[in-house]
Amino acid sequence: MRSFLLLDGEQWSCQEGLQFPWRVSPPPPPPVQSATGRSLPNRKAKMFLKKFFKSIVNKRDSDEDDSFEKPEFHGTIPPYPNFNPRKDAIFLEEAINSRNVDEDTIISVLVQRSNAQRQVIKQTYEESTGKSLAEELKSELRSHLEDVVLGLLMTPPQFDAFILRKATKCLGTDEDVLVEILTSRTNEEIREMERVFGEEYGESLEEVIKSETDGDFAMALLAMLKAHKNESHIIDMDLAKKDARALFEAGEEMDGIDISSLAEELKSELRSHLEDVVLGLLMTPPQFDAFILRKATKCLGTDEDVLVEILTSRTNEEIREMERVFGEEYGESLEEALFEAGEEMDGIDISVFIDILTRRNGFQLAKTFKNYSKISDVNLPKALDMELKGDIEECLIDIVKCAWSKPAFFAEKLHKAMERHGTCEDTLMRVMVSRSEVDLKKIIAEFQIMYGKSLQDYIV
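What counts and what doesn't
Residues numbered from 1 in each chain as written. Predicted model: local features only at pLDDT ≥ 70, side-chain atom pairs only at ≥ 80, totals over all residues. Heavy atoms only, no water. Core = buried A, V, L, I, M, F, W, Y, C linked by side-chain atoms within 4.5 Å. Buried < 20%, exposed > 50% of the residue type's maximum accessible area, 1.4 Å probe, protein only. Helix = DSSP H or I, 4+ residues; strand = E, 2+ residues; numbered from the N terminus. Axes fitted to C-alpha atoms, helices over the stretch in contact; angles between N-to-C directions. Parallel < 35°, antiparallel > 145°, perpendicular 65-115°, else oblique. Left-handed = near helix turned anticlockwise from the far one by under 90°. Contact = heavy atoms within 4.5 Å. Nonpolar A, V, L, I, M, F, W, Y, C, P; charged D, E, K, R; others polar. Patch = residues over 30% accessible without salt bridge, like charges linked within 9 Å, V, L, I, M, F, W, Y side chains within 5 Å. Areas by Shrake-Rupley, 256 points an atom, 1.4 Å probe, with all protein chains shown as cover. Salt bridge = Lys/Arg side-chain N within 4 Å of Asp/Glu carboxyl O. Lys, Arg positive; Asp, Glu negative; His and termini not counted. Charge placed at Lys NZ, Arg CZ, Asp CG, Glu CD. pLDDT = per-residue confidence, 0-100. Phe/Tyr/Trp six-rings, centres within 6.5 Å; stacked < 30°, edge-to-face > 60°. Lys NZ or Arg CZ within 6 Å of the ring centre and 35° of its normal. Polar contact = N/O pair within 3.5 Å; in protein donor to acceptor, adjacent residues only side chain to side chain. Arc of directions from axis to C-beta.

A.B. asks: Is there a simple way to think about the nonpolar core in this case?
C.D. replies: Among soluble globular proteins, nonpolar side chains are generally buried collectively. Ile 106, Leu 110, Leu 137 and Leu 396 are the most contacted members of the largest nonpolar core, which has 94 residues in total. For this core, the leading source of residues is helix 22 (residues 391-404), giving nine residues. Residues Leu 307, Ile 310, Val 325 and Ala 337 belong to the second largest nonpolar core, which totals 14 residues.

As structure tokens, this is what we get:
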């Protein structure tokens, strides 16, 4: 089991399989592996990553630029002081035309200028040379260096639109990227991204999502695409209770099991898994098996693994006793319960989950989750994990993660990209470019807390 902190500081726990490593004791750093183990970026990409991090991850002096009053800024690329686009354009032209292409200069210029400044450099370069800076760099650079440099030259809406286009038009749709972008962007960013997507690619993003996805997953993506999320910091306590009840009624209604007055007293004192263990110990074996089967068939979805485990491992006598107790405790036959569990997901209304999770602000959702835990025997992440498999499960869980902490959400994305067999450079580049002027500083700090090692050290 793992534990993590909500926005209001309350500690929750969830299954290891959910992979919510918020604020956990860091695991020991993985050993360095050879080329036969986890692959690292190729030499040129690795050199670039080091330069990239040196430029955008390291903290800058607070007095770097006193010429204007800065708003609160959590990115790592602020506007460059004494910005001179003509000089930058000249530096880039010389770097491109040098004998072996001066990649150091290209990196130095682009990763130390804000996105708005890079747009001015693009325009200045074209005016002075009559050529497109993006096309010139594309013809000279290769691999991951080319990808990240071209990404830096796009505006944020252009970059998001490009990423979504790539996710839907390559061999197979990359559902994780669709969820990441739509879950983490503001309403205004989504509207701009949608507008640019139509202008750049000649089709609506909505139609692309409809054609590339289906079912509940498509419904969730389209709900986020509407950009109707409440973005205020106001928390409505009554609405939190109402939403928690709506989620509970849409997903599960487990009948309790009356054990004894002692059990009731213990239940009021104990919480989470300790409570489950103690109450289980107070049941007879048939009562416990009946309770587990009831939970497996009547929570949010059916837990088929539990059904198989119980029914295949018990003796004939134990199964008959379990079936008798099930009928006495829950007023229905075990046979009927199993049949209903196999035919449909009893009582689940995914639309309620989608509507609430895609429209409330993060602070409001945190209170809703807290209230949900008071009326349900399981917390919301565990409930979502019980039966909702595949894309819709991952989508809703990512929405929940973003509601708790966007920096932690992206820190986990980066860690997963490096943890798997073969580093996923696309994820590293996508997150670093898109968050460099938003909250990359927070992501870096969160990564250190979650994994006990700096993001820069982990990559390079």
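A.B. asks: Would you take a moment to explain the environment of Glu 328 for this structure?
C.D. replies: As for its position among the elements, Glu 328 is in helix 17 (residues 316-330). Exposure remark for Glu 328: the relative accessible area of 57% places this residue in the exposed category. Considered as a pair, Glu 328 and Ala 290 are 38 residues apart in the sequence and their alpha carbons are 9.9 Å apart.

A.B. asks: Would you take a moment to explain unusual backbone geometry for this structure?
C.D. replies: Glycine aside, a negative phi is what most residues show, and trans is what most peptide bonds show. Positive phi, close to 55°, is recorded for Asn 82, a residue that is not glycine. Structurally, Asn 82 is set in the loop between helix 1 (43-56) and helix 2 (85-97). Positive phi is not limited to glycine here, since Val 101 has a value of about 60°. Mapped onto the elements of the fold, Val 101 is located in the loop between helix 2 and helix 3 (103-110).

A.B. asks: Would you take a moment to explain the packing of helix 12 (residues 237-251) against helix 19 (residues 350-359) for this structure?
C.D. replies: The relative placement of two packed helices is expressed as an angle between their axes plus a distance between the axes. Direction vectors running N to C along helix 12 and helix 19 enclose 155°, while the axes themselves pass 8 Å from each other. By the criterion of interaxial angle, the relationship of helix 12 to helix 19 is roughly antiparallel. Like other packed secondary-structure pairs, helix 12 and helix 19 cross with a definite hand, here left-handed. Listed contacts from helix 19 to Asp 243, Ala 246, Leu 247, Ala 250 and Gly 251 of helix 12 are Val 352, Phe 353 and Ile 356. For the contact of helix 12 with helix 19, the residue count by class is six nonpolar, one polar and one charged.

A.B. asks: Sorry, what's going on with a negative patch on the surface here?
C.D. replies: A surface patch of like charges, here negative, comprises Asp 174, Asp 176, Asp 214, Asp 391 and Glu 394. Among the secondary structure elements, Asp 174 is positioned in the loop between helix 7 (156-169) and helix 8 (175-184).

A.B. asks: What am I meant to see in the confidence of the model for the protein here?
C.D. replies: When pLDDT is low, close inspection of the predicted coordinates is not appropriate. Chain-level statistics for the protein give a pLDDT mean of 80 and a share of 74% at 70 or above. Under a pLDDT of 50 for its full length, residues 253-262 has, in the predicted model, 18 contacts with residues more than four places off or in other chains. Every residue in residues 343-347 scores below 50 in pLDDT, and together they form six contacts with partners more than four places removed in sequence or on other chains.

A.B. asks: In this structure, what is going on with the packing of aromatic side chains? I would like to understand it.
C.D. replies: Aromatic ring pairs are reported here in terms of the distance separating the ring centres and the angle at which the planes meet. Evaluated as defined, the whole model comprises six aromatic pairs. Judged by centre distance (5.3 Å) and plane angle (70°), the ring pair of Phe 369 and Trp 404 falls under edge-to-face. Here Phe 369, found in helix 20 (residues 362-375), pairs with Trp 404, found in helix 22; they are 35 residues apart in sequence, far enough to count as distant. There is no split in this pair, since Phe 369 and Trp 404 are both buried. Among the aromatic side chains, those forming a connected cluster through ring pairs are Phe 447, Tyr 451 and Tyr 458. The ring of Tyr 80 carries the charged tip of Arg 113 above its face, separated from the ring centre by 3.8 Å.

A.B. asks: How should the side chain of Arg 435 be read in this particular structure?
C.D. replies: Structurally, the position occupied by Arg 435 is in helix 24 (residues 425-435). Here Asp 439 takes part through its side chain, which lies 2.9 Å from a polar atom of the side chain of Arg 435. Beyond its immediate chain neighbours, meaning those up to four positions away, Arg 435 contacts Ser 184, Arg 185, Lys 406, Phe 410, Leu 440 and Ile 443.

A.B. asks: Would you mind going over the pattern of salt bridges with me for this structure?
C.D. replies: Note on pairing: side chains with opposite charge can pair once their charged atoms come close. In total, this model carries 22 salt bridges according to the counting rule given. Glu 412 is paired through a salt bridge with Lys 401; the nearest N and O atoms lie 2.8 Å apart. Of this pair, Glu 412 sits in helix 23 (residues 406-419) while Lys 401 sits in helix 22, placing them eleven residues apart in sequence. Both residues of the pair, Glu 412 and Lys 401, belong to the buried class. In the salt-bridge network here, residues are joined through shared partners; they are Arg 165, Lys 169 and Glu 203.

A.B. asks: Honestly, a nonpolar patch on the surface in this entry has me stumped. Any pointers?
C.D. replies: On the surface, Ile 235, Met 237 and Phe 363 cluster together to form a nonpolar patch covering roughly 240 Å² of accessible area. Mapped onto the elements, Met 237 comes out in helix 12.

A.B. asks: Would you take a moment to explain the packing of helix 23 against helix 25 (residues 440-451) for this structure?
C.D. replies: Where helix 23 contacts helix 25, the axes come no closer than 8 Å and their chain directions differ by 65°. Remark: the crossing between helix 23 and helix 25 carries right-handed chirality. Of the residues in helix 25, those in contact with Pro 407, Ala 408, Phe 410, Ala 411, Glu 412, Leu 414, His 415 and Met 418 of helix 23 are Lys 442, Ile 443, Glu 446, Phe 447, Met 450 and Tyr 451.

A.B. asks: Mind showing me how you'd approach helix 16 (residues 304-313) here?
C.D. replies: Residues three or four positions apart in an α-helix share a direction because the helix packs 3.6 residues into each turn. Considered for burial, the residues of helix 16 that qualify are Val 306, Leu 307 and Ile 310. Buried positions in helix 16, seen along its axis, are confined to an arc of 100° and lie on one side of it. Residues Asp 305 and Thr 312 are exposed on helix 16 and point more than 90 degrees away from its buried face.

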